[in-house]
Amino acid sequence: MGKGDFARAHHVAFFDAMATELPDDYATQEVNHLTLGYFAVGGFSLLRELDRVNTEEITKWVLSFQVHPEAHGDEYNGLFFGFCGSRSTQFPLPDVKDPCHNGSHLASTYSALAILKILGYDLASIDSKALLLSMKKLQRPDGSFMPTHIGAETDLRFVYCAAAICSMLDDWAGMDKLKAKEYILSCQSYDGGFGMVPGSESHGGGTFCAVAALHLMGFVQVDLASNLQDSASIDMHMLLEWCLQRQVTDGGFQGRRNKPSDTCYAFWVGGVLKIIGAYHLIDHCALREFLLTCQSPYGGFTKFPHNWIPDIYHSYYGLAALSLLEEEGVEPLCVELGILSSAL
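Residues numbered from 1 in each chain as written. Predicted model: local features only at pLDDT ≥ 70, side-chain atom pairs only at ≥ 80, totals over all residues. Heavy atoms only, no water.

- As annotated in an unreviewed UniProt entry, the protein is Geranylgeranyl transferase type-1 subunit beta from Urochloa decumbens.
- In UniProt, the protein has this text filed under Sequence similarities (unreviewed entry): "Belongs to the protein prenyltransferase subunit beta family." (UniProt positions renumbered as here; feature names shortened; annotations may be inferred.)

Below, the structure written as structure tokens:
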């Protein structure tokens, strides 16, 4: 692997290893098994190596995590009939009496549908009615979403998941878009970025969730001129300035002010600029050089430059960022959904 080269073969080998058996360090992430699967399948898809996975086997595995109503009308009983994130969240513990155990989670449901979409599965075969009707019950009066029916934090991550789920299923019965929009707008900070919740510090991940959700719901246009002229939505001028300021001197992107650049924010913040039609305003060459310094000699990407040990999260988003840069050998990405453009 020469300096300045995209080590495609190394990355294929890395995702091959991750898809075969995750290292022990990932044991604590068992509850996020579907999300880890999304990173692995998504990585293969970006590298144009989906033929390395057993599509039928993975499809059956993903579908096995969906929770189905036991009786007609159960979709109105307050439970969420989405996808569990792992086997441990799918079944109740033996010493816990829970007649209504249901570990469905919005993030896991997003990951499940994204994997199925990447693999070419027809989502019309999904029991989408129960999923969407029960998902709408997760939306709070302020427009935000709980990730599970038993409650938890509500922030922009789950508004985005809900919007992406509705978009992939091509059915918006699962949310009130106007309420969701109001909540998103309340999260825009004084400096133009978006915090995860109203009044919090602007953050690259929160900003992506906000802008991608608004775009999926039809409230943000695809060209910069139209977005800058539209005063009825977000403060686009401030958002643009905040995003452009996140590219720092080493060419990478930081997620917040006064933080070091990090591989994943090349996608999170770069993705926002791509969605609003402003990606041409960044220094592409400097960003590519930064990303290539984050390649591990073992394949995959690290969080920071010149580290050695890669992880599957930063490896996927490193490839996703290179996809936005139109790197040779990397498949084009539908940035707002996080899946291949060809999968749509």
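Resuming the write-up.
1. Some words on the side chain of K117
Stage number 1. Assignment of secondary structure puts K117 in helix α5 (residues 106–118).
Stage number 2. Ignoring sequence-local partners within four residues, the contact set of K117 consists of L123, M168, I339, A343 and L344. (Helix = DSSP H or I, 4+ residues; strand = E, 2+ residues; numbered from the N terminus. Contact = heavy atoms within 4.5 Å.)

2. Considerations on helix α12 (residues 265–275)
Because an α-helix completes one turn every 3.6 residues, residues spaced three or four positions apart along the sequence face the same direction.
Stage number 1. Counting buried positions along α12 gives 10 out of 11 residues, so the element sits mostly inside the fold.
Stage number 2. Its buried side turned inward, α12 meets α9 (204–216), α11 (236–245), α13 (284–293), α14 (312–324) and β1 (333–334).
Stage number 3. Of the residues trailing α12, G277 is marked for its positive phi of about 85°. (Buried < 20%, exposed > 50% of the residue type's maximum accessible area, 1.4 Å probe, protein only.)

3. Overview of unusual backbone geometry
When glycine is set aside, most residues are seen to have a negative phi, and most peptide bonds are trans.
Stage number 1. Positive phi values are uncommon outside glycine, yet D170 reaches one of about 55°.
Stage number 2. Among the structural elements, D170 can be located in the loop between α7 (156–169) and α8 (177–186).
Stage number 3. Even without a glycine there, the phi angle at H306 is positive, about 65°.
Stage number 4. Within the secondary structure, H306 is located in the loop between α13 and α14.

4. Some details on the environment of M238
Stage number 1. With respect to the element layout, M238 can be found in helix α11.
Stage number 2. Under the relative-accessibility criterion, M238 is labelled partly exposed at 28%.
Stage number 3. Excluding its chain neighbours within four sequence positions, the residues that come into contact with M238 are Y190, D191 and G192.

5. Observations concerning the nonpolar core
Stage number 1. M135 and F267 are the most contacted members of the largest nonpolar core, which totals 116 residues.
Stage number 2. With 12 residues, the top contributor of residues to this core is α7. (Core = buried A, V, L, I, M, F, W, Y, C linked by side-chain atoms within 4.5 Å.)

6. Remarks on the pattern of salt bridges
Stage number 1. By the definition in use, this model includes 11 salt bridges.
Stage number 2. For E201, the salt bridge is made with R256, and the minimal N-O distance between the two is 3.3 Å. Linking E201 in the loop between α8 and α9 with R256 in the loop between α11 and α12, this pair joins segments that are 55 residues apart in sequence.
Stage number 3. Because the salt bridges share partners, they merge into one network encompassing R8, D16, E49 and R52. (Salt bridge = Lys/Arg side-chain N within 4 Å of Asp/Glu carboxyl O.)

7. Structural notes on the layout of surface pockets
Take a probe with the size of a water molecule and roll it over the atoms, and the empty space left behind shows itself.
Stage number 1. Of the volumes computed, that of the largest pocket is approximately 970 Å³.
Stage number 2. In terms of lining residues, the largest pocket is bounded by 39 residues, among which T35, F39, W268, Y313 and Y317 are the most central.
Stage number 3. Elements supplying a minimum of two residues to the lining of the largest pocket: α1 (8–20), α2 (33–46), α5, α7, α9, α12 and α14.
Stage number 4. For the lining of the largest pocket, a count of residues per class yields 27 nonpolar, nine polar and three charged.
Stage number 5. Quantified by volume, the second largest pocket comes out at close to 440 Å³.
Stage number 6. If you go around the second largest pocket, you meet 20 residues; those closest to its centre are M18, A19, T20, A40 and I58.
Stage number 7. For the lining of the second largest pocket, the elements supplying multiple residues, two or more each, are α1, α2 and α3 (55–63).
Stage number 8. The element that contributes the greatest number of residues to the lining of the second largest pocket is α2, accounting for six residues. (1 Å grid on protein atoms, 1.4 Å probe; cavity = no way out; pocket = protein on both sides within 12 Å on 5 of 7 lines; lining within 4 Å. Points joined across faces, edges and corners; volume = space filled by probe spheres on them. Nonpolar A, V, L, I, M, F, W, Y, C, P; charged D, E, K, R; others polar.)

8. Describing a nonpolar patch on the surface
Stage number 1. A surface patch of nonpolar side chains, amounting to about 420 Å² of accessible area, comprises Y298, W308 and I309.
Stage number 2. Summarising the element assignment, I309 is placed in the loop between α13 and α14. (Patch = residues over 30% accessible without salt bridge, like charges linked within 9 Å, V, L, I, M, F, W, Y side chains within 5 Å. Areas by Shrake-Rupley, 256 points an atom, 1.4 Å probe, with all protein chains shown as cover.)

9. What about the state of the cysteines?
Stage number 1. If you walk through the whole model with that rule in mind, you get zero disulfides.
Stage number 2. No disulfide involves C187; its sulfur sits 10 Å from the nearest other cysteine sulfur, which is in C209.
Stage number 3. Of all cysteine sulfurs, the one in C209 lies closest to C334, which takes part in no disulfide; the gap is 15 Å. (Disulfide = S-S within 2.5 Å.)

10. Description of the environment of R246
Stage number 1. Relative to the helices and strands, R246 resides in the loop between α11 and α12.
Stage number 2. Residue classification places R246 among the buried residues on the basis of a relative accessible area of 3%.
Stage number 3. In the structure, R246 is positioned 70 residues away from Y316 in sequence and 20 Å away in space, judged by C-alpha atoms.
Stage number 4. There is a polar contact of 2.9 Å between the side chain of R246 and the backbone oxygen of W242. (Polar contact = N/O pair within 3.5 Å; in protein donor to acceptor, adjacent residues only side chain to side chain.)

11. Some thoughts on the packing of α3 against α5
Stage number 1. With their axes 10 Å apart at the nearest point, α3 and α5 run at an angle of 155° to one another. Between α3 and α5, the interaxial angle falls into the category roughly antiparallel. The handedness of the crossing between α3 and α5 comes out as left-handed. Residue-level inspection shows I58, T59, V62 and L63 of α3 in contact with α5, the latter providing A112, I115 and L116.
Stage number 2. Residue classes in the contact of α3 with α5 are distributed as six nonpolar, one polar and no charged. (Axes fitted to C-alpha atoms, helices over the stretch in contact; angles between N-to-C directions. Parallel < 35°, antiparallel > 145°, perpendicular 65-115°, else oblique. Left-handed = near helix turned anticlockwise from the far one by under 90°.)

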